[in-house]
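Residues per chain, in single letters:
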Amino acid sequence: MQEEKEFIADLLNPKTQNLAFQKLLHNYQKPLYNHIRNIVLKHDDADDVLQNTFIKVFRYLKDFKGDSKLFSWMYRIATNEAISFINHKAKRNGVTSEALQSKIVDNLKADSYFDGNEIQYKLQKAIALLPEKQQLVFKMKYYEEIKYEDMSEILGTSVGALKASYHHAVKKIENYITTN
């Protein structure tokens, strides 16, 4: 924890800021991209959201209170940015975010960055049908292997509620895959 406080101080200090921010990018760019990509699904969209995430991290780091880990705080920003992006895109297209997600999944096979097989495509389709919170919890647990305690910090939800959301999501996904 002391090491993290020193790192944050380096990020805020104009003399060490550039080097510290390069280290921040090096350590968190890939996991944040993967997290965002799991939510927005498209590579180009994920890149845009990742850029916005790092801009917000840089802009609001001075307001970071240290009540959670830096990792959790950045994941919360990335999650909020990704959800806002989807909601804004859905609104712009005059559809619900669920309908947009379903359409994006339908177009996944044409995405050159999607290298999944038929079962992975079916899984994405099943996930797109879940409510937003269950989607998030499932993706964070299944794809990113984030612990419930860390997820609780990121999403501001109790561990028990997260476990229940994950359980319900798994049941719905299993049902979809076995019946379709």
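Residues numbered from 1 in each chain as written. Predicted model: local features only at pLDDT ≥ 70, side-chain atom pairs only at ≥ 80, totals over all residues. Heavy atoms only, no water.

A. Here's a closer look at the overall build of the protein chain. Broken down by element type, the protein chain carries 9 helices and 0 strands. Ordered by position in the sequence, the α and β elements of the protein chain form the string α-α-α-α-α-α-α-α-α. Relative to its length of 180 residues, the protein chain is compact, with a C-alpha radius of gyration of 17 Å against a globular reference of 16 Å. Across its three principal axes, the protein chain shows a C-alpha extent of roughly 60 × 35 × 30 Å. (Helix = DSSP H or I, 4+ residues; strand = E, 2+ residues; numbered from the N terminus. Rg over C-alpha atoms; globule rule 2.2 N^0.38 Å.)

B. Layout of the side chain of Asp150. For Asp150, the location among the structural elements is in helix 8 (residues 148-155). Residue classification places Asp150 among the buried residues on the basis of a relative accessible area of 16%. (Buried < 20%, exposed > 50% of the residue type's maximum accessible area, 1.4 Å probe, protein only.)

C. Geometry of unusual backbone geometry. One non-glycine residue with positive phi stands out, namely Leu41, at about 75°. Unusually for a residue other than glycine, Glu145 sits at a positive phi of about 55°. Topologically, Glu145 is positioned in the loop between helix 7 (132-142) and helix 8.

D. Highlighting helix 3 (residues 43-60). Under the 1.5 Å per step criterion, the end-to-end length of helix 3 is 25 Å for 18 residues, consistent within 8% with the ideal 26 Å. All buried positions along helix 3 are accounted for by His43, Asp45, Ala46, Val49, Leu50, Thr53, Phe54 and Val57. Down the axis of helix 3, the buried side of the element spans an arc of 165°, and every buried residue falls inside it. Pointing more than 90 degrees away from the buried face of helix 3 are the exposed residues Asp44 and Gln51. Of the surrounding secondary structure, the elements contacted by the buried residues of helix 3 are helix 2 (17-40) and helix 4 (70-92). (Expected span 1.5 Å × (residues − 1). Arc of directions from axis to C-beta. Contact = heavy atoms within 4.5 Å.)

E. A look at the packing of helix 7 against helix 8. Interhelical geometry of helix 7 versus helix 8 gives an angle of 140° and a closest axis separation of 11 Å. Between helix 7 and helix 8, the angle falls in the class oblique. In this structure, helix 7 meets helix 8 at a crossing whose hand is right-handed. Residue-level inspection shows Lys133, Leu136, Val137, Met140 and Lys141 of helix 7 in contact with helix 8, the latter providing Tyr148, Met151, Ile154 and Leu155. (Axes fitted to C-alpha atoms, helices over the stretch in contact; angles between N-to-C directions. Parallel < 35°, antiparallel > 145°, perpendicular 65-115°, else oblique. Left-handed = near helix turned anticlockwise from the far one by under 90°.)

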